[in-house]
Protein chains: 2
Amino acid sequence: MVEPLNIALAGLGTVGTGVVRLIETNAELIARRARRPIRIAAVSARDRTKDRGVDLSRYDWEDDPAALAARSDVDVVVEMVGGSDGPALALARGAIGKGKGLVTANKAMIAHHGLELASAAEKAGVALKFEAAVAGGIPVIKGLSEGAAANAIERVYGILNGTCNYILSTMEDTGRDFGDVLAEAQRMGYAEADPTFDVEGIDAAHKLSILAAIAFGSRLRFDAVETTGISRVKAADIEQARSLGYVIRLLGMSEIDRTDGTARLFQRVHPHLVPFDHPLAHVDGATNAVVAEGNFMGRLLFQGAGAGDGPTASAVVADIIDIARGEKGAAFSMPEGELEAMEPAETGHRRSRSYIRFAVPDRPGVLAEITAAMRDAGVSIASMIQKGEDAQTGEVILAMVTHEGPESAVTEALRILDGSQSLAVRPLVMQIIEG
Amino acid sequence: MVEPLNIALAGLGTVGTGVVRLIETNAELIARRARRPIRIAAVSARDRTKDRGVDLSRYDWEDDPAALAARSDVDVVVEMVGGSDGPALALARGAIGKGKGLVTANKAMIAHHGLELASAAEKAGVALKFEAAVAGGIPVIKGLSEGAAANAIERVYGILNGTCNYILSTMEDTGRDFGDVLAEAQRMGYAEADPTFDVEGIDAAHKLSILAAIAFGSRLRFDAVETTGISRVKAADIEQARSLGYVIRLLGMSEIDRTDGTARLFQRVHPHLVPFDHPLAHVDGATNAVVAEGNFMGRLLFQGAGAGDGPTASAVVADIIDIARGEKGAAFSMPEGELEAMEPAETGHRRSRSYIRFAVPDRPGVLAEITAAMRDAGVSIASMIQKGEDAQTGEVILAMVTHEGPESAVTEALRILDGSQSLAVRPLVMQIIEG
Ligand SMILES: NC(=O)c1ccc[n+]([C@@H]2O[C@H](COP(=O)([O-])OP(=O)(O)OC[C@H]3O[C@@H](n4cnc5c(N)ncnc54)[C@H](OP(=O)(O)O)[C@@H]3O)[C@@H](O)[C@H]2O)c1
Ligand SMILES: NC(=O)c1ccc[n+]([C@@H]2O[C@H](COP(=O)([O-])OP(=O)(O)OC[C@H]3O[C@@H](n4cnc5c(N)ncnc54)[C@H](OP(=O)(O)O)[C@@H]3O)[C@@H](O)[C@H]2O)c1
């Protein structure tokens, strides 16, 4: 019998217990595919006494996850603790420092410290892998770094947060408002008690920054992702968008911007209008999907379960199998030192069609003031819908779609209107992606 | 500078010239991702004098592709000649026999001789890779054999032939009939002069048999794919399906069937009814898409360009980059000797909802005869649409959807009706897949 690959699991929550269950359930199949068995040598979490629904008695227990890295009977450490710093980062550094491979599901840690860890892993000659960190069970890291490796990719975007997509598609199906659907999602366990990371787009931004680095071969710049969440999207926006032929989705969108002659990195998480005939318009519920456009392959789409114990464990164990097979590829598809440093793009000169929604008091002159500001800023309006007064707030919803033009013009129009009595609420701008 | 990977290209048609163009255009990027340059050492095709739109003067030319395998300056042979046997197979055997890696886009050859070649490649210790053979630019071989490696997959299906999907979605958009759209597709170069392989489902069957082997870890059984093409689908079927909430797609469908206690291999290429809310219902034009269902990852979808010079070259060069990186994985995700021999499944005991379309003469008693046959065979009818007489043929189109039940009952009903005066044309049965 060939030598097993010995692994240690840190973190036994949703993902960690999923990994234990998967490795036990599919042990025989994994050994055939990995060409050697995967053996769990030791596990660690905070509370040894907690019932986790899996039998851990046959694995060694360590109270301190850092101790896993020091064990001589461990080849690969699997980090499923979470958090960008703290014990997860200490463990990751420790494991690589001791010459162990590292597999992690931790997007926050990779978004903040991925380059440092990749460089350390290269120096130590060990694998660093994080398929589960982006889009859960979808093998998109592998798809881009290996499957699409022959392509210059200039654009990668997608639905990267299942909680937001669940909320938006439920709002769409039921006509209910954001706060209402969020509260229900929390009761049902689809959203965290503190939903900030999800609904404010930070989780999607972590994932987008990782995807962009891999797709473009650029240095990871989480700090440069412009991030807006979905908390300001109203049921009325969804209704207006639908009547114009769109659905609303929170997209992470990243492109190489070459408008000023050098390659700059554009990264934005923002709710977008997606036309009905675009594949992302049909991605509902907690599903994730990623689109990448390459100069030879054209448009490629990956879609599947973005979170949950089973799908996330599937991605974690795929990484472990790769390591068992002897794969030692660079974490970001090329050596860390070869990733290109790109400055963030100026978004002002980007051209797009935009949706702008105003909530305005129902009195004369408001429409004239808004349209004058648009004219003065050079924004050309393609269509406009005004919806009758809201019974509760007395506001009128005014939604317009612009012709294609520089985003800076829209910003300028809103600057002109800033502080105006005509605006009951700060306007909401969403970009429209083309089919 | 590290040593380049030296490759030889056999076949310089659509795919071969695409590969030359890709390797030249993205050379610098490929070297960063592969961590060494890819160098074309020699090329071969039939006609040396043909203008192929790419400059081949800097590459050695061989009149006989078999000579590529014998060159000492070649590490990997890339077979893009085509055909299940003949020069392609001779070259593949020759290259592996001489200890070269083999990359091929040839689904016919892999469907017929993939196991033999995989076994030879293992013995020789060389890589055999064929990402481009299935679904063109979509990295679905890698997605299943590596990305989904941790899962027991019990079902894999998809849209595997772009020509058929183009024809069906054009029929859908325009209301025109099969022959008409096919003729136009041929004029426009979307379909071959001899379209048999595409429209009769043979090309899709090649791909399905390869996917099934990889997904299930089963021995490849192209001979056991039940294959029906799209030539009998009428515009009226598309219209009826739409009114029932479905589109028609040619699907390759493969499952492990455990109804009699042992794992049996079910493989079928057939036009199916796909409900509007299924992701495959939105795959239009020449696009391909593959769905795989795993016991931990859930449902995963890959979608993209299934053919054409750029996408296919993207997949060929991804394989070459993998080899350059030192990857030497088993061709079918596990050693050839470990693939499980599965007998073909009996399709009779499969349960599904079916669409059955009759074209019948417009006279009394016909409906009674058909419904009696259904009753006698135990087929339960869920809904039925009758469409007025066809002006040209005088036929009435009668479409019914059954409740879920054994497919054998539908077969039996049609057997009872066989030879009946009530049938102007042999009825067309299509399975309905669930959302
Ligand atoms: N959940 C998903 O669907 C999903 C999807 C993709 C990626 N991820 C990522 O996977 C990671 C884990 O997520 P999760 O949902 O599994 O989290 P979780 O359910 O909260 O589990 C976290 C685990 O880490 C342990 N832990 C926390 N602090 C620790 C410490 N200081 N020392 C030792 N152990 C500690 C916890 O121990 P106790 O159980 O003893 O408290 C728990 O077992 C995160 O990085 C997350 O972003 C999750
Ligand atoms: N086209 C696609 O989109 C696509 C997609 C996926 C997979 N594939 C597969 O890729 C392979 C190639 O397809 P293709 O579309 O590129 O075919 P193609 O355009 O017909 O090109 C075939 C090439 O092979 C050469 N050839 C044929 N017989 C030969 C012989 N006896 N000796 C030497 N060379 C010979 C031809 O030489 P001459 O040019 O000198 O005649 C031509 O260059 C096939 O296996 C196909 O199934 C194609």
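Everything quoted here is computed from the prediction, not taken from an experiment.

**Quick notes on the UniProt feature "domain: ACT" (unreviewed entry) in chain A**
Here, the residues flagged by UniProt with the feature "domain: ACT" (unreviewed entry) are residues 355–428 of chain A. Strand forms 38% of residues 355–428 of chain A and helix 31%; the C-alpha atoms that close the span are 8 Å apart.

**What about the nonpolar core?**
Nonpolar side chains tend to gather and get buried jointly when the protein is soluble and globular. Membership of the largest hydrophobic core comes to 176 residues, with the highest contact counts inside it found for Phe130, Leu144 and Phe332 of chain A together with Phe130, Leu144 and Phe332 of chain B. Once you skip the residues sitting within four places of it in the chain, Phe130 of chain B turns out to touch Thr104, Ile110, Ile141, Ile210, Ile214, Asp319, Ala331 and Phe332 of chain B.

**Observations regarding the interface of chain B and chain A**
Contact with chain B, which involves 55 residues of that partner, is made by 55 residues of chain A. Overall, the association of chain B and chain A removes approximately 4,200 Å² of surface from exposure, summing both partners, and the carbon and sulfur fraction of that is 54%. When residues of chain B are sorted by the area they lose upon contact with chain A, Arg32, Arg33 and Phe296 of chain B head the list and together hold 19% of the total. Taken together, chain B and chain A are joined by two salt bridges. Between Glu146 of chain B and Lys142 of chain A there is a salt bridge whose closest N-O contact spans 2.7 Å. Of all the secondary structure elements, the ones that give two or more residues to the side of chain B that touches chain A are α1 (14–25), α2 (27–34), α6 (140–147), α10 (202–216), β12 (298–305) and α12 (309–324) of chain B. Considered class by class, the residues forming the side of chain B that touches chain A number 27 nonpolar, 17 polar and eleven charged. One ladder, built from three bridges, connects strand β12 (residues 298–305) of chain A with β12 of chain B; its direction is antiparallel. Looking across to β12 of chain B, one finds that Phe302 of chain A is bridged to Phe302 of chain B.

**Here we look at unusual backbone geometry**
Glycine aside, the phi torsion of most residues is negative, and most peptide linkages are trans. Despite not being glycine, Arg35 of chain A has its phi angle at roughly 65°, a positive value. Relative to the helices and strands, Arg35 of chain A resides in the loop between α2 (27–34) and β2 (38–44). Notably, Ala135 of chain B is not glycine yet its phi reads approximately 60°, a positive angle. Within the secondary structure, Ala135 of chain B sits in the loop between β6 (128–129) and α6. The buried category is assigned to Ala135 of chain B, whose relative accessible area is 0%.

**Points about the pairing of strand β17 (residues 425–432) of chain B**
All names here are of chain B. Where burial is concerned, most of β17 is hidden: six out of the eight residues are buried. With two bridges joining them, strand β10 (residues 264–275) and β17 adopt parallel strand pairing. Looking at the pairing, His272 lines up with Gln431 of β17. When strand β13 (residues 351–361) meets β17, the two strands line up antiparallel, connected through six bridges. Bridge pairing in β17 places Ile356 opposite Val429.

**Some words on the sheet that holds strand β6 (residues 128–129) of chain A**
All names here are of chain A. Here six strands make up an open sheet; going across it, the order is β3-β2-β1-β4-β5-β6 and the pairing parallel. Looking at the sheet topology across the chains shown, the edges are occupied by β3 (60–62) and β6. Sheet topology places β2 next to β3; three bridges connect them, and they run parallel. Bridge pairing in β3 places Ser44 opposite Glu62.

**Section: the relation of the copies chain B and chain A**
The two copies are related by a screw motion: chain B maps onto chain A through a turn of 180° and a shift of 0.0 Å along the axis, at an RMSD of 0.0 Å. Considering both components of the superposition, the chain copies are consistent with a two-fold axis. Relative to the rotation axis, the C-alpha of Phe302 of chain B is the closest in chain B, positioned 2.4 Å from it.

Rules of the game
Residues numbered from 1 in each chain as written. Chains lettered and ligands numbered in written order. Predicted model: local features only at pLDDT ≥ 70, side-chain atom pairs only at ≥ 80, totals over all residues. Heavy atoms only, no water. UniProt positions renumbered as here; feature names shortened; annotations may be inferred. Helix = DSSP H or I, 4+ residues; strand = E, 2+ residues; numbered from the N terminus. Core = buried A, V, L, I, M, F, W, Y, C linked by side-chain atoms within 4.5 Å. Buried < 20%, exposed > 50% of the residue type's maximum accessible area, 1.4 Å probe, protein only. Contact = heavy atoms within 4.5 Å. Buried area = accessible area lost by both parts, 1.4 Å probe. Salt bridge = Lys/Arg side-chain N within 4 Å of Asp/Glu carboxyl O. Nonpolar A, V, L, I, M, F, W, Y, C, P; charged D, E, K, R; others polar. Pairing = 2+ DSSP bridges. Least-squares fit on C-alpha atoms with pLDDT ≥ 70 in both.

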